[in-house]
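Each chain, letter by letter, is given below.
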Amino acid sequence: MNTGQFRQSRHIKRIAIILGLGVTVGVARWIYPGLLESYIGVSNAPLTFANSVPLEPREFETLADSLTREYRQQRAMAQTENEEMPFARRLKINMLMKTGSFAKDAPYPHIDYFRKAGILHYKGPETCLTCHTTMKVTDEHGKIHQVDTMKDVVDSVHYKFQSSAAGFSTYGFDGRQVNSAGNRPIPVGKIDRACGVPGSFTWTGWADLVKTKPAHANGETEIRSEGCGQCHIGGGYHPATEKMLPLHDAPATAKAGIDCLICHSPSYDMNERYVIEDDNGQRWNQDRSLKAALTVGPPTNKTCLFCHQHNMGGDLEKSLPPGAAPDNLGHKNKRLLHPGAKRGNSIQPEHDVHAAAGMVCTDCHKPQGHKIPRGTLGVDLVANDLPGRKVECESCHTAAPHVKDEQERALLNGHVARVSCEACHIKKLRDDNTVLRDWIHPIWNEEEGAFVFQDVYQSGEAGRGFTFLWFNGNGSFLANALGDNPVGDGSYNPLMRQLVKIEDPKAVEAIRQAATRLKKNYPDLDVDQYVREVTDPLSSLSPEMLEKRKKMIEEKIRPIMAQGQSKIYPFKLFNAIMYEDMNNQGPFGAMILPFDYPTYYESGDPKASVKKALEHPILKRMYEAPFKLYMMDEFMRYFGVSGWKADYPVDAKGKLKNVEAHWMRQMGSLMINHGIQKEGRGCKECHSKSGILDFNALGYPPERAEELRKLPELQ
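The text that follows walks through the structure, step by step, so that each part is easy to find.

Each value, and the rule that gives it
Residues numbered from 1 in each chain as written. Predicted model: local features only at pLDDT ≥ 70, side-chain atom pairs only at ≥ 80, totals over all residues. Heavy atoms only, no water. Helix = DSSP H or I, 4+ residues; strand = E, 2+ residues; numbered from the N terminus. Rg over C-alpha atoms; globule rule 2.2 N^0.38 Å. Buried < 20%, exposed > 50% of the residue type's maximum accessible area, 1.4 Å probe, protein only. Areas by Shrake-Rupley, 256 points an atom, 1.4 Å probe, with all protein chains shown as cover. Arc of directions from axis to C-beta. Contact = heavy atoms within 4.5 Å. Polar contact = N/O pair within 3.5 Å; in protein donor to acceptor, adjacent residues only side chain to side chain. Core = buried A, V, L, I, M, F, W, Y, C linked by side-chain atoms within 4.5 Å. Patch = residues over 30% accessible without salt bridge, like charges linked within 9 Å, V, L, I, M, F, W, Y side chains within 5 Å. Salt bridge = Lys/Arg side-chain N within 4 Å of Asp/Glu carboxyl O. Pairing = 2+ DSSP bridges. Phe/Tyr/Trp six-rings, centres within 6.5 Å; stacked < 30°, edge-to-face > 60°. Lys NZ or Arg CZ within 6 Å of the ring centre and 35° of its normal.

### Focus: the overall build of the chain
Part 1: Summing up its helical and strand segments, the chain has 24 helices and 18 strands in all.
Part 2: The C-alpha radius of gyration of the chain comes to 28 Å, within 12% of the 27 Å expected for a compact globule of 715 residues.
Part 3: Over its C-alpha atoms, taken along the principal directions, the chain stretches across nearly 100 × 75 × 70 Å.
Part 4: The buried share of the chain, taken over its 715 residues, is 50%.
Part 5: Carbon and sulfur atoms make up 55% of the accessible area of the chain, which amounts to about 34,100 Å² in all.

### Some details on helix α18 (residues 527–535)
Part 1: Buried residues of α18: Val527, Tyr530, Val531, Val534 and Thr535, and no others. Seen end-on, α18 carries its buried residues on one side only, within an arc spanning 115°.
Part 2: Where α18 is buried, its residues contact β10 (434–445), β11 (450–458), α17 (505–521) and β17 (659–663).
Part 3: With a side-chain oxygen positioned 3.1 Å from the backbone nitrogen of aspartate 528, the residue opening α18 is aspartate 526.

### Digging into the nonpolar core
Part 1: Ranked by size, the top nonpolar core spans 116 residues in total, and within it Leu436 and Met622 carry the most contacts.
Part 2: When residues in this core are grouped by element, the largest group, nine residues, is from strand β15 (residues 567–586).
Part 3: In this structure leucine 436 touches Gln454, Asp455, Val456, Tyr457, Ile502, Ile511, Val534, Asn575 and Trp663, once residues within four positions along its chain are discounted.
Part 4: In terms of nonpolar packing, the next biggest core, distinct from the first, is built from 31 residues, Val154, Ala293, Val296 and Cys307 among them.

### Describing unusual backbone geometry
Part 1: In this model, phenylalanine 161 sits at a positive phi of 65°, which is unusual for a non-glycine residue.
Part 2: Within the secondary structure layout, phenylalanine 161 lies in the loop between α8 (157–160) and β3 (162–163).

### Some details on a nonpolar patch on the surface
Part 1: A contiguous nonpolar patch, built from Phe87, Leu91 and Met95 and spanning about 330 Å² of accessible area, is present on the exposed surface.
Part 2: Accessibility expressed as a relative area gives 43% for leucine 91, which makes it partly exposed.

### Some thoughts on the sheet that holds strand β4 (residues 170–171)
Part 1: Ordered by their spatial adjacency, three strands build an open sheet running β4-β13-β14, and the pairing between neighbours is mixed. The open sheet has two edge strands with one neighbour each: β4 and β14 (481–482).
Part 2: Note that strand β13 (residues 474–476) and β14 share two bridges and pair antiparallel. Pairing of glycine 475 across the sheet is with alanine 481, part of β14.

### A look at the packing of aromatic side chains
Part 1: Scanning the model with the defined rule gives 24 aromatic pairs in all.
Part 2: Residues phenylalanine 477 and phenylalanine 639 carry aromatic rings whose centres are separated by 6.4 Å and whose planes lie at 75° to one another, so their mutual orientation is edge-to-face. Of the two residues, phenylalanine 477 sits in the loop between β13 and β14 while phenylalanine 639 sits in the loop between α23 (625–638) and β17, which places them 162 residues apart along the sequence.
Part 3: Connected via pairs of aromatic rings, a cluster forms that spans Trp439, Phe453, Tyr579, Phe595, Tyr597, Tyr600 and Tyr601.
Part 4: In this structure, arginine 176 packs its charged tip against the face of tyrosine 638, placed 4.3 Å from the ring centre.
Part 5: The lysine or arginine in question, arginine 283, covers the ring of phenylalanine 49, its NZ or CZ lying 5.1 Å from the ring centre.

Below you can see the structure in the form of structure tokens.
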């Protein structure tokens, strides 16, 4: 073979290899999604919605006229206010309302867009992408980028609920920042969030139908809707599971189910949000009416609060505006309501100065395309689209915000270096703010016609419903604020003090009364033991585990507490008793197990509910080698455990094994940033013997703590 032939042969081989690789990749891309769906046990199928119907041109114009009528009438009335003759004024108003300029100037420009494009049928993202295939996005540096709209949505936390990227302000109990450089990234966020709401594994609690027997139904069964998907924008039979798995994207059928209108339409009908069932499973219905589509625009407070006001607590807030989600529970299979406020941090005008001023959510949480910033401060595992973007008071207010009171402004502005704005300007949470929630002793609720969890303690008071902690912007893997007293004596240790003990006599007595009430339904309940475990959850740890906890705090957590500048912030407290996989236990707790909602609500048997949830294919996969290697080992190391023990917690006879009920070993400390009052606290609310700040617990030396309680300026 001569040189030319050799080169030609080598070139052919290269082409063959490239083609072979291309075919292999192509086949893999074709086969992989199906194999993955089969492995994780999810369903994907084309989605249809009964309220997505085409209109005739005349029907379209009638709808358009009704949507703008009120605006045109108000404008015409204002323009004819000087007309003295009532009859003449009515004639002029009617004429003006029909003029082209009035119609053109009316709100909802998509009416004209749809009319010109001949769109008489809203089909979900397919319709939106007719014009919005790409979009311009301005980044934090002011640069404009052209991005694929669908990709921008699908890659947002509002769709995928998690992130494998860096940017978490959360640290594991092993001292590592979650998904930081040098660490193996794993998907973390609400899709697999083991928090104080069992079932918040969205895999097992996405869309459920619950059989209830409320008192008003006179013994008849009512089907109710429940699950995480009631808010989230994915419209399929399961959450965006594929987005957390390697080398996979959401399938086209799932993308076609994205609910654009729940965020963008102020006329969105929450009565269309209920669970429907078909041959492929259960999923959430949505409002796909042309009426909702024609009124689209930027998100408003109303559309944000469709979801962010409630969900597992807050449903029953009395001051919600007309059209709020809890007032529109569904045309059928009505959504279940939940007692107790999840955060108790109302965003209504009567409770929040910014809402009263007419500000909208996106004034502070300024979007970058479909990415919404949470801010750079965080104490939990909820993923953040824009981790570098600040959301803080100083974005509008100056670093010396107190200007009116000439005598005290210097003193007040001096506090800014040590005390957050929220510490003074959030005075109270809602009275039904949930602090302690019991999931393992459900009680029959006559009104809902179901067994429901019990809120053992609720309070909106400082020192009871929320507390004050030093915070440097970081949090632990279990939502505990991290920080330290910059002038302290080294005694500040919330993971061994403030967040693990309840000592307030009023709170302890309320807990005892709640336990006594539970005993009426659970005669074997030991009230004294119950009170001891909830007020001192570390009492469930062995001496060896307790020592390990202390050592990890000093060696792994203390350096993180000392980072940066800490200020005193208010934090909402929360703890819950749930079932845990004790085979995966560490000094900060064990792996929390989810509940199957229908079993829980219908039977009141939480153990049966846990067993049912564990039958879900994705939960079974968690206890197998691929998931262990892919993410569970890494997840548990952050949790303070050496690795994931893939021992399925159900034995051959179908009974739970190594599963116990425990309160989380420390209370969660959740950020509260709304409910801001115009007037801050008075000096003596903090600086007195009965003040709301425990200066000793905050790590001040004894002498300084006593001085702060008796400031001479206040005597």
